Protein chains: 2
Amino acid sequence: MKEGRKEELKANRKLPFVGLVGVAVGLLTTATRAQDPLPSWNEGPAKQAVLEFIKVTTTQGSPQFVLPEARIAAFDQDGTLWVEHPIYTQVMYCLEKVPDLVKAKPELAKVAPFNTVLDLLHGDRAAMEKLTLPDLEKIAIATLTGMSVETFQAEAKQWLAEAKHPRWKKPYTELTYLPMQEVLKYLRANGYKTYIVTGGGQDFVRVYAEQTYGVPPEQVVGTALGTKYGYAKDGKPFLTKEPKLVLNDNDAGKPESIHLMIGRRPHIAFGNSTGDQQMLEYTKAGDGARLAMIVLHDDATREYAYGPAEKLPDTKVGTFTQALFDEAKKNGWTVISMKNDWKKIFAFEP
Amino acid sequence: MKEGRKEELKANRKLPFVGLVGVAVGLLTTATRAQDPLPSWNEGPAKQAVLEFIKVTTTQGSPQFVLPEARIAAFDQDGTLWVEHPIYTQVMYCLEKVPDLVKAKPELAKVAPFNTVLDLLHGDRAAMEKLTLPDLEKIAIATLTGMSVETFQAEAKQWLAEAKHPRWKKPYTELTYLPMQEVLKYLRANGYKTYIVTGGGQDFVRVYAEQTYGVPPEQVVGTALGTKYGYAKDGKPFLTKEPKLVLNDNDAGKPESIHLMIGRRPHIAFGNSTGDQQMLEYTKAGDGARLAMIVLHDDATREYAYGPAEKLPDTKVGTFTQALFDEAKKNGWTVISMKNDWKKIFAFEP
């Protein structure tokens, strides 16, 4: 036992109430800690920005108080709520649905780009490089349209239950960021309606958003293809997914879709790439308290590191340019450093 | 005093507790009446259908119980929630905005169809007959697009505060149907999310839907023109309303928009015209308890009478054909007769 501790005990023996005060303070500290709504965040400006935003917008009498009905929060998904590398989950879905497609239409097995996808799925990693954007669009149309809404939902649900991320060997829905899950819950606990505003497919994300994020289908805004109303042979009506783009929920499409689908400007928005720039600008341009936050993937060890902002490696998937980083700094957006701001990234971490 | 009443009083004097029982029964009846969630409805199959639907879908243990998150209700607006004759309110808005338009662009005063509208507004009722559907579209584009979203909202709000319906000389927002307001409230009290699914303009209806119906902007689905994201001279971003149709929320467009905007099939839907047919079919085609209801305007005295179903006068505004009436009967939709099912139509009635 060290001398100081001995002295302390002696003092306590002499003044028993000091010990009681110590216990009381200890309990109080524990209680405060248990109430931390963002335990997976390290202390710092990012965590502080969220806490401060909630405080000023939900405290009665605060000059920045926001009426409960106007409490709208918008979250990009890929790279903001869950992992987007090495490639967007929905692209994996489309690629991995190609074998089913070929089973139904065997003639496609020798037709590009479907043959390239089969090579890729059989281990030829170089095949990925051969796929162009028009190829990916062709594959998306072939795997996401032509079936009823219910058939698509069932197929996506089954795939999500079985597919595994190549690095963590876990279902994609387990690769959500715990700190962001905490923010979603904390915002909802304070009366915010949490929306996902994603460049990904609206119908795809709606399949799992409620279970994965607590976000119901009607609060998922995404890139959307049209549907066509028709009747089955027995006269029962149904909707078929059509190869017709209705919403391109990227870049300027994000604020445009927010207006169409929600009709109110968010008070807080989260993104991570150039595709989120306009949504964050639009959010910040509103009156009163508005918070824009942007996730920087700077943690190659626990997740991935890419930018090219801040001299991080360049990427085509979830690009965060230096220009965007500079705009963030200039406009008072808060950059979230995965490495520094997140104590824990995934719920499954020890 | 009549003999019977005298006898009653005498009996009560002899048996005081009978009087107390009478009072108790009276109180009980009053209490039951006070709890009637649909006091403006006459007893009958329509009122019963709503009460029964709520009972079976919200009583725990009921085989037709609907999970709270799946409780979606869809209401057409024009002719279902408020008056649509002699012409849709939004058409009146577009016509009455023409003088402002001409003030800003004087050269339009002599150009068709704007000159025809000016004649109409100056009392030439016959001018209305000259306006074709392409004319109305031209007027809609001129009065609903080319301005920022906020400018449009402010203009529509001001018009709604000042404009009066030609028959009742009251603001249009006072011409909502009290029985339907009761249904909206009753559904919400039972955990249903109430949506407006209207052929009218989404942006227009959103201006007043929260105050008028308790339906927030994000629960208004309507015909929608696109917006375009851009920047003002000071760099501030804003959305401009564009002459580009994104959603045509009529006929098959209603279930298609419901899928896009809500992503869940309603359990209960209300309409009043051929434009609602597919929404009602789609609603009824779902599993479990589904209720489709359709308002028949058969009350020329208190509101209007039009069909041409059931030999009511024909109309171009809110057409309810005999074929639709027959489909309603065949498919188990409930027809609401304004005349017979509604005790009171407007809140301002004595």
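Calculation notes
- Per chain, the residues get numbers from 1 upward, laid out in the order the sequence is written.
- Starting at A for chains and at 1 for ligands, labels are handed out in the order in which the entities are written.
- Given that the model is predicted, a residue must reach a pLDDT of at least 70 before its local features are reported, and side-chain atom pairs must reach 80 or more before they are shown or counted; all residues, however, enter totals for whole chains, interfaces and linings.
- The basis for the side-chain values is all heavy atoms of the structure; hydrogens and waters are excluded.
- At least two DSSP bridges between two strands are required for those strands to pair.
- Put simply, DSSP marks the helices as runs of H or I at least four residues long and the strands as runs of E at least two long, and each gets a number from the N terminus on.
- To get an axis, fit a line to the C-alpha atoms, keeping to the stretch in contact for a helix; angles then go from 0 to 180 degrees between the N-to-C directions.
- Contacts are assigned to residue pairs with any non-hydrogen atoms lying within 4.5 Å of each other.
- Think of it in three bands: residues with accessible area under 20% of the maximum for their type are buried, residues over 50% are exposed, and the middle band is partly exposed, with areas taken using a 1.4 Å probe on protein chains only.
- Place the viewer so that the strands point away; then a crossover is right-handed whenever the path from the first strand over the helix to the second strand goes clockwise.
- The copies were overlaid with a least-squares fit restricted to C-alpha atoms from residues scoring a pLDDT of at least 70 in each copy.
- A simple way to read buried area is as the amount of 1.4 Å-probe accessible surface that goes missing from two parts once joined, with both sides added.
- Salt bridge, as applied in this entry: a Lys or Arg side-chain nitrogen positioned within 4 Å of an Asp or Glu carboxyl oxygen.
- Any N or O atom pair separated by 3.5 Å or less is treated as a polar contact, with the protein-specific requirement of one donor-capable and one acceptor-capable atom, and with residues adjacent in sequence counted only for side-chain atom pairs.
- Each residue is assigned to one of three groups, with Ala, Val, Leu, Ile, Met, Phe, Trp, Tyr, Cys and Pro labelled nonpolar, Asp, Glu, Lys and Arg labelled charged, and all others, Gly among them, labelled polar.
- An angle below 35 degrees is treated as roughly parallel, one above 145 as roughly antiparallel, one from 65 to 115 as roughly perpendicular, and anything else as oblique.
- Each crossing gets its hand from how the near helix is turned against the far one by less than a right angle, where anticlockwise is left-handed and clockwise is right-handed.

Draft legend 1. Broad picture of the sheet that holds strand β1 (residues 72–75) of chain B. All names here are of chain B. The seven strands are arranged β4-β3-β2-β1-β5-β6-β7 in an open sheet whose pairing can be described as mixed. Of all strands in the sheet, those with a lone pairing partner are β4 (237–247) and β7 (334–337), marking the two edges. The mean inter-strand angle of the sheet, taken between neighbouring strand axes irrespective of direction, is 30°. The sheet contact formed by β1 and strand β5 (residues 268–271) spans three bridges and is parallel. Paired with Ala73 across the strands is Ile268, a residue of β5. Most of the contacts of helix α11 (residues 202–213) go to strand β2 (residues 193–201), to which it runs at about 140°, and overall it touches β2, β3 (220–231) and β4.

Draft legend 2. View of the pairing of β7(B). Side chains of β7(B) alternate between two faces, with Thr334(B) and Ile336(B) and Val335(B) and Ser337(B) buried alike. With respect to chirality, the unit in which strand β6 (residues 291–296) of chain B leads through helix α14 (residues 322–331) of chain B into the neighbouring parallel β7(B) is right-handed.

Draft legend 3. Structural detail: the relation of the copies chain B and chain A. Once turned by 180° and shifted 0.0 Å along the axis, chain B lies on chain A with an RMSD of 0.0 Å. This pairing of chains is accounted for by a two-fold axis. Closest to the rotation axis within chain B is the C-alpha of Met261(B), separated from it by 3.1 Å. A shared interface surface links the copies, since 97% of the contact residues of chain B are contact residues in chain A too.

Draft legend 4. Spatial organisation of the interface of chain B and chain A. Across the boundary between the two partners, chain B contributes 39 residues, which contact 38 residues of chain A. Counting the surface lost from both chain B and chain A, the interface buries some 3,200 Å², and carbon and sulfur atoms represent 51% of this. Along the contact surface separating chain B from chain A lie eight salt bridges. Between Arg264(B) and Glu218(A) there is a salt bridge whose closest N-O contact spans 2.9 Å. The interface formed by chain B and chain A contains 26 residue pairs in polar contact (both at pLDDT 80 or more). Going through the elements one at a time, α9 (149–162), β2, α11, β3, β4, α12 (253–261) and α13 (277–284) of chain B are the ones with two or more residues in the side of chain B that touches chain A. For the side of chain B that touches chain A, the residue count by class is 19 nonpolar, seven polar and 13 charged.

Draft legend 5. Up close: the packing of helix α9 (residues 149–162) of chain A against helix α11 (residues 202–213) of chain A. All names here are of chain A. Running from N to C, α9 and α11 cross one another at 60°; their axes reach a closest spacing of 10 Å. Compared by their axis directions, α9 and α11 come out oblique. In this structure, the crossing between α9 and α11 has a hand that is right-handed. Of the residues in α11, those touching α9 at Phe152, Gln153, Ala156, Lys157, Trp159 and Leu160 are Asp203, Phe204, Val207 and Tyr208. Considered class by class, the residues forming the contact of α9 with α11 number seven nonpolar, one polar and two charged.

Draft legend 6. Highlighting the pairing of β6(B). All names here are of chain B. Within β6, six of the six residues are buried, which leaves the element mostly enclosed by the surrounding structure. Of the two faces of β6, the one carrying Leu291, Met293 and Val295 and the one carrying Ala292, Ile294 and Leu296 are both buried. Across four bridges, the pairing between β5 and β6 is parallel. Within β6, the position partnered with Ile268 by the bridge is Leu291. Between β5 and its parallel partner β6, the chain crosses via α13, and the hand of that crossover is right-handed. Where β6 lies against β7, four bridges are found, and the strand directions are parallel. Its bridge partner lying in β7, Met293 is registered against Thr334.

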